[in-house]
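Okay, here's what each chain looks like letter by letter:
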Amino acid sequence: MATTAIDRTRRLLSLVTYLRERPGARVDEVARAFGVTEDELISDLSVLPMCGTSFRGGDLLDIDTDGEHIWWYNAEATGSTTGQPLRLAADEATALLVAARAVATMPGLRAGDRDALLRLTAKLEAAAGESARASSRVSVTFESEGGVFAEVDRAIAERRRLRIRYYSPGRDELTDREIDPIRLFAVGHTYVEAWCRRTEARRTFRLDRVASIELLDVPADPPPVEPRDLSEGLVQPAPTDPEVVIEVGPGGRWVAEYYAHDEAEELPDGGLRIALRTPDPITLRRLALRLGGDGRIVAPARLADSAREAARDALRAYEELG
């Protein structure tokens, strides 16, 4: 079953208790105990140092790993012997209340989660006093991505299918799809990995490119697939993907730094001849237009012709404006 954001939060809270009782615990044993991969555990461990009883001084969790063992250097920070009741500063109480009220208005939030959040907000307001009154003068409205996230998170939790209208920048088009969501993840942007019923293949969708979303009363039934390893980034070309050859001048050498490639050959003018692979070569037309005079697509010939035509169309558009 796919992991939701709420599931991960519960795991992080359990991980704190587990590690406090097991100094120097082995990474492989902890991963096995929580039913996650070692990479997922390491990702969790990178979040924990941003948590604690406050954001001041030594109140944050000082947890680190050498890849084999996990060490917690200030476990007493959350221990029962501290004897310090949790107190929120005025700015902390205000931030919590504003965020809680905003999240409670998100479309797609499960009823049980909304009720729990409202009860928590009421308790915070009673405890915060004057800070609560100050926070009532601040409001936050989420962009559309927030609503999309909530709907996707709900669909994963309830194992339901989604209907989305999705913008593909490479093709500059909107498509309607039904997807069975598998998991949410973030690599720079927030994405949903899903089984697309339009293509009958696993696809990744960026949430801020979802123009509309609808939760369907149809069970999600994605085929069993191994989660993608994202440690090397989101775009990981396969050896069987089509090869594209691009020649760039000195001003386009940055392409070799930003795009995974098989080969980068030095050219006499200080440029590079770059061979790379991509599952969807047509998306590189945008790169060709961005490069302008600093680069061109050499092969395959059909893609080079398509890029030239796109450049002509752009020039014609400017001529019409003139």
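Parameters at a glance
- Residues take numbers from 1 onward in each chain, read along the sequence in its written order.
- Since the coordinates come from a predicted model, pLDDT governs what is reported: local features require at least 70, and pairs of side-chain atoms require 80 or more to be given and counted, while whole-chain, interface and lining totals use all residues.
- Excluding hydrogens and water, the side-chain figures rest on all heavy atoms present in the structure.
- Going along the chain from the N terminus, every DSSP run of H or I of four or more residues is numbered as a helix, and every run of E of two or more is numbered as a strand.
- Note on classification: 1.4 Å probe, protein chains only; a residue is buried when its accessible area is under 20% of the maximum for its type, exposed when over 50%, partly exposed between these limits.
- Any two residues having at least one pair of non-hydrogen atoms within 4.5 Å are treated as being in contact.
- Only the protein chains shown count as cover for residues, and the accessible areas themselves come from Shrake-Rupley with a 1.4 Å probe.
- Any N or O atom pair separated by 3.5 Å or less is treated as a polar contact, with the protein-specific requirement of one donor-capable and one acceptor-capable atom, and with residues adjacent in sequence counted only for side-chain atom pairs.
- Strands qualify as paired when DSSP identifies two bridges or more between them.
- Here an angle of 0 to 180 degrees is reported between the N-to-C directions of two axes, which are lines fitted to C-alpha atoms, with helices fitted over the stretch in contact.
- The cut-offs work like this: below 35 degrees is roughly parallel, past 145 is roughly antiparallel, 65 to 115 is roughly perpendicular, and the gaps in between are oblique.
- In a left-handed crossing the near helix is turned counterclockwise from the far helix by less than a right angle, and in a right-handed crossing that turn is clockwise.
- What pLDDT reports is the predictor's confidence in each residue, on a scale of 0 through 100.
- One speaks of a salt bridge when a side-chain nitrogen belonging to Lys or Arg is within 4 Å of a carboxyl oxygen belonging to Asp or Glu.

Caption draft 1: Focus on the overall build of the chain. Per the secondary structure count, the chain includes ten helices and eleven strands. Out of the 322 residues belonging to the chain, those deemed buried represent 34%. By sequence separation, contacts in the chain at least 24 residues apart represent 56% of the contacts at least 6 residues apart. Accessible area for the chain stands at about 19,300 Å²; split by element, carbon and sulfur atoms hold 52% of it.

Caption draft 2: Up close: the side chain of Glu-193. Tracing the backbone through its elements, the reader meets Glu-193 in strand β5 (residues 189-196). Looking at Glu-193, its side chain comes within polar contact range of the side chain of Arg-202, at 3.2 Å. Setting aside its immediate chain neighbours within four residues, Glu-193 contacts Pro-181, Ile-182, Arg-183, Phe-185, Arg-202, Arg-203, Thr-204 and Arg-228.

Caption draft 3: Representation of the sheet that holds strand β7 (residues 210-219). Read across the sheet, five strands follow the order β6-β5-β4-β3-β7 without closing on themselves; strand pairing throughout is antiparallel. Since the sheet does not close on itself, it has two edges, and those belong to β6 (201-206) and β7, each with one partner. Taking the axes of each pair of neighbouring strands and ignoring which way they run, one obtains an average angle of 45° across the sheet. In terms of strand pairing, strand β3 (residues 160-168) meets strand β4 (residues 173-187) through seven bridges, oriented antiparallel.

Caption draft 4: The arrangement of the packing of helix α4 (residues 90-104) against helix α5 (residues 111-128) in detail. As a packed pair, α4 and α5 sit with axes 10 Å apart at the nearest point and diverge in direction by 155°. In terms of orientation, α4 lies roughly antiparallel with respect to α5. Taken as a pair, α4 and α5 cross one another with a handedness that is left-handed. Counted together, Ala-93, Leu-96, Leu-97, Ala-100, Arg-101, Val-103 and Ala-104 of α4 and Arg-114, Leu-117, Leu-118, Thr-121, Leu-124, Glu-125 and Ala-128 of α5 form the full contact between these two elements.

Caption draft 5: Focus on the confidence of the model for the chain. Mean pLDDT over the chain stands at 79; residues scoring 70 or higher make up 80%. Across the chain, β7 holds the top mean pLDDT of 92, while helix α6 (residues 130-135) sits lowest at 66.

Caption draft 6: Broad picture of the sheet that holds strand β9 (residues 263-266). Taken in spatial order, the four strands make up an open sheet running β9-β10-β8-β11, and their pairing is antiparallel. Each end of this open sheet is capped by a strand with a single partner; those strands are β9 and β11 (295-299). Averaged over all neighbouring strand pairs, the angle between strand axes comes to 20°, with direction disregarded. Here β9 runs beside strand β10 (residues 272-277); their pairing, made up of four bridges, is antiparallel. Looking across to β10, one finds that Glu-265 is bridged to Arg-273.

Caption draft 7: Representation of the pattern of salt bridges. By the definition in use, this model includes 25 salt bridges. Glu-68 is the salt-bridge partner of Arg-26, the closest N and O atoms lying 3.2 Å from each other. Remark: Glu-68 occurs in the loop between β1 (63-65) and β2 (70-72) and Arg-26 occurs in the loop between α1 (5-20) and α2 (27-34); sequence separation between them is 42 residues. Glu-68 gets classed as partly exposed once you look at its relative accessible area, which sits at 41%. Arg-253 is paired through a salt bridge with Glu-266; the nearest N and O atoms lie 3.0 Å apart. Of the two residues, Arg-253 sits in the loop between β8 (243-248) and α8 (255-258) while Glu-266 sits in strand β9, which places them 13 residues apart along the sequence. Looking at Arg-253, the relative accessible area reads 31%, which means it is partly exposed. The network of salt bridges with common partners includes Arg-161, Arg-163, Glu-178, Asp-180, Arg-197, Glu-200 and Glu-214.

Caption draft 8: Region of interest: unusual backbone geometry. Across the junction of Ala-299 and Pro-300, the peptide omega takes the value 0°, indicating a cis bond. Structurally, Pro-300 is set in the loop between β11 and α10 (301-321). Positive phi outside glycine occurs at Arg-159, with the angle close to 55°. Among the secondary structure elements, Arg-159 is positioned in the loop between α7 (144-158) and β3. On the basis of relative accessible area, Arg-159 is assigned to the partly exposed category, the value being 46%. Positive phi values are uncommon outside glycine, yet Glu-200 reaches one of about 55°.

Caption draft 9: Highlighting the environment of Phe-34. In this fold, Phe-34 is placed in helix α2. On the basis of relative accessibility, which here comes to 21%, the residue Phe-34 falls in the partly exposed class. On a C-alpha basis, the gap between Phe-34 and Leu-15 in space is 8.3 Å, while along the polypeptide they are 19 residues apart.

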